[in-house]
Amino acid sequence: MGSKPETSISHNLRIILFPFPFQGHINPMLQLANLLYSKGFSITILHTNFNAPKISNYPHFTFISILDNDPEDKRFSKSSLIDFAPNFIFKQDGADVLRKELELLLALEKDKPVSCLITDAFWHFTQSVADSLNLPRLVLRTSSLYSTIIFSSIPLLDDRGYFTLDDSHLEEQVSEFPLLKVKDILKIGIKSNKDPYAELLSDMIKQTKASSGIIWNSFNELEETELERIQHEFPVQSFLIPFPKYLTSSLSSLLDQDQTVIHWLDQQSTESVLYVSFGSISQVNEKEFLEIAHGLVNSKQPFLWVVRPGFVKGSTWLESLPDEFPGEKGRVVKWAPQQEVLAHEATGAFWTHSGWNSTLESVCEGVAMICSPFRGDQSLDARYISDAVRVGVYLENGFQREEISGAINRVMVDEEGKEIRERVRVLKQKADVSLMKSGSSYESLESLIDYMCSF
Ligand code: UDP
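Database annotation for the chain, UniProt heading Sequence similarities (unreviewed entry): "Belongs to the UDP-glycosyltransferase family."

Laid out in structure tokens, this is it:
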């Protein structure tokens, strides 16, 4: 897992990449950019000023800010996904701005042509822009194949009435996707096919199918059956590459990572620490926060807990916790070098919100999970990880202290936890092997490069 890629060959080709401006989307796009740079491509990154990447960490890339350059434009003052994204996604002017920028870039450096545009799947309007310029567009899908299959079935699930079922059906199986319970579908956070979020997902699926290919942050051995289904439903090439196996995402962290946690971990016993983090966006209320805190202390296991400022609604940071918290066994930080924490031998399990990057980082380091999904794809990935791959335990009923300390002990102490840890260790080995010559990820990366050189 290196950070500064070496490059030995040059393809004399430029690649333009356009990440969606949230941590879970920026990390894999910049990992991909570094990987392509190491394979001899010149890299140009288009980015918004909102959540702009740390440019100084990438002196080998060209950065161009687009879309929200006008400080007077009131549309750019909000920062949540719901408030922010539609301004760019649903508006024609986003497409016009991008087309102008791409026209300029295509006219530059004629001896180093642009091979293709790679955009986040959420930037669905970029497909029509790429088409109008005759520029191949590849999609980076930053979530699992499994959740993407479910998302592409939202119209079907809506037709069958799943989104309007009442609470008496929560525990029932979804017959079209037997792995799932009704509550997993409801946790996606849409009420019907007409919701703005459902429309965003529908446009994303449509324009992903219309692209020249899909790059997934995953590996074949993790989602074998799903890959077959994707190849059936999406008529374009898929390339599965587990980025955390190649590079750390620390360089693209928007928040400063507290490096002192590594020294703290050095002082803990092997596989003794529960690492707890719920990603860059999720929030809890004060009651849930206290349940988490009590569940952690009651488990009597050492823990390292990332409490992002803003994680608790209405609080700045830890003010609602009792003074004696976290006690001798715990450590709380604002943001951690997550991949390095997961790679540390003291880390025994990861209590996660099941964001796809966190999930894959955990699998790549062979760390068992406790899954507490919040919204979107997270409930689908939590179910997949706990019930299909069986490398995690799903905390199904929200945050309740007894259930939390019980789940922690199941994973960290009980026989069941040993079995889960063994399965995830085997899965990590499969990921390692997939990187070797003629392994699935190795072949996927090589064929992606050949493909990009063929445009
Ligand atoms: N992350 C980090 N430090 C932390 C917590 C998270 O660097 O303390 C990184 C993590 O390694 C992952 C990303 O933030 O790459 C979170 O992405 P994910 O898809 O898991 O969740 P999201 O934030 O999009 O909900």
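What follows continues from the structure just given.
Trainee: Quick rundown of the nonpolar core? Include the residues and the values.
Mentor: Counting residues in hydrophobic clusters, the biggest one holds 115 residues, and the most contacted among them are Leu274, Trp305 and Trp351. When near neighbours in sequence (up to four residues on either side) are disregarded, Trp351 contacts Leu274, Tyr275, Val276, Ser277, Phe278, Ile292, Leu296, Ile370, Ser372, Leu395, Phe399 and Ile404. Among the nonpolar cores identified, the runner-up in size contains 31 residues, and Ile15, Met29, Ile43 and Cys116 belong to it.

Trainee: If you had to explain the layout of surface pockets to someone new, which residues and values would you point to?
Mentor: The volume enclosed by the second largest pocket comes to roughly 250 Å³. Where the lining of the second largest pocket is concerned, the elements lending two or more residues are helix H13 (338-343), strand S11 (347-352) and helix H17 (415-434). Examining the composition of the lining of the second largest pocket, we find that five residues originate from one element, H17, more than from any other. Each residue belonging to the lining of the second largest pocket can be placed in one class, and the counts come to four nonpolar, five polar and eight charged.

Trainee: Could you give an account of the site of the ligand, naming the residues involved and the relevant values?
Mentor: Neighbouring the ligand are 20 residues, the closest being Ser280, Ala336, Asn357, Ser358 and Glu361. At a separation of 2.7 Å, an oxygen atom of the ligand approaches a polar side-chain atom of Glu361. It is helix H14 (residues 356-364) that provides the largest number of residues to the shell around the ligand, a total of four residues. The residue inventory of the shell around the ligand, partitioned by class, reads five nonpolar, 14 polar and one charged.

Trainee: Describe the pairing of strand S9 (residues 303-306), and please don't skip the residues or the numbers.
Mentor: A two-sided burial pattern is seen for S9, the buried positions comprising Phe303 and Trp305 on one face and Leu304 and Val306 on the other. As defined by bridge partners, strand S8 (residues 273-277) adjoins S9 across three bridges and the pair is classed as parallel. Bridging from a neighbouring strand, Tyr275 pairs with Leu304 of S9. Assessed by its sense of winding, the connection that carries the chain from S8 through helix H12 (residues 286-299) to S9 is right-handed. Sheet topology note: the S9/strand S10 (residues 330-333) ladder contains four bridges and is parallel. What sits directly across from Leu304, in S10, is Arg331.

Trainee: Give me the lowdown on the environment of Glu319, citing residues and values where you can.
Mentor: Along the chain, Glu319 falls in the loop between S9 and S10. Here Glu319 falls in the partly exposed class, since its relative accessible area comes to 48%. Engagement of the side chain of Glu319 in a polar contact is seen with the backbone nitrogen of Thr316, the distance being 2.5 Å.

Trainee: Help me get a handle on helix H8 (residues 196-209), residues and values and all.
Mentor: Between its first and last C-alpha, H8 extends 20 Å over 14 residues, near the 20 Å set by a 1.5 Å rise per residue. Taken residue by residue, H8 has Tyr197, Ala198, Leu200, Leu201, Met204, Ile205 and Thr208 as its buried positions. What you see down the axis of H8 is that its buried residues fit within an arc of 160°, all on one side. Facing away from the buried side of H8 by more than 90 degrees, the exposed set consists of Pro196 and Lys206.

Trainee: For the sheet that holds strand S5 (residues 137-141), give the residues involved together with the corresponding values.
Mentor: An order of S3-S2-S1-S4-S5-S6-S7 is seen for the seven strands of this open sheet, with the pairing classed as parallel. The open sheet terminates on both sides in strands that have one partner only, identified here as strand S3 (62-65) and strand S7 (238-240). On average, each strand axis in the sheet is inclined to that of its neighbour by 20°, with strand direction left out of account. As judged from the three bridges shared by strand S6 (residues 213-216) and S7, these two strands associate in the parallel manner. Of the residues in S7, the one forming a bridge with Ile215 is Phe239. Docked against the sheet, helix H1 (residues 23-38) engages strand S1 (14-18), strand S2 (42-47), strand S4 (114-120), S5 and S6, running at close to 160° with respect to S4.

Trainee: Now, about the sheet that holds S10: what can you tell me, with residues and values included?
Mentor: In a beta sheet, neighbouring strands pair by backbone hydrogen bonds and run either parallel or antiparallel. Judged by pairing direction, the sheet is parallel, and its six strands sit side by side in the order S10-S9-S8-S11-S12-S13 without closing on themselves. Edge positions in the sheet fall to S10 and strand S13 (392-394), since each has one partner strand and no second. Between one strand and the next, the sheet's axes are offset by a mean angle of 15°, whatever the strand orientation. By the bridge criterion, five bridges tie S8 to S11 in an arrangement that is parallel. Looking across to S11, one finds that Leu274 is bridged to Ala349. Across the face of the sheet, helix H16 (residues 401-412) comes into contact with S8, S11, strand S12 (368-371) and S13 while running at roughly 165° to S12.

Rules and cut-offs
Residues numbered from 1 in each chain as written. Predicted model: local features only at pLDDT ≥ 70, side-chain atom pairs only at ≥ 80, totals over all residues. Heavy atoms only, no water. UniProt positions renumbered as here; feature names shortened; annotations may be inferred. Core = buried A, V, L, I, M, F, W, Y, C linked by side-chain atoms within 4.5 Å. Buried < 20%, exposed > 50% of the residue type's maximum accessible area, 1.4 Å probe, protein only. Contact = heavy atoms within 4.5 Å. 1 Å grid on protein atoms, 1.4 Å probe; cavity = no way out; pocket = protein on both sides within 12 Å on 5 of 7 lines; lining within 4 Å. Points joined across faces, edges and corners; volume = space filled by probe spheres on them. Helix = DSSP H or I, 4+ residues; strand = E, 2+ residues; numbered from the N terminus. Nonpolar A, V, L, I, M, F, W, Y, C, P; charged D, E, K, R; others polar. Near = heavy atom within 4 Å. Polar contact = N/O pair within 3.5 Å; in protein donor to acceptor, adjacent residues only side chain to side chain. Pairing = 2+ DSSP bridges. Right-handed = clockwise from strand over helix to strand, strands pointing away. Expected span 1.5 Å × (residues − 1). Arc of directions from axis to C-beta. Axes fitted to C-alpha atoms, helices over the stretch in contact; angles between N-to-C directions.

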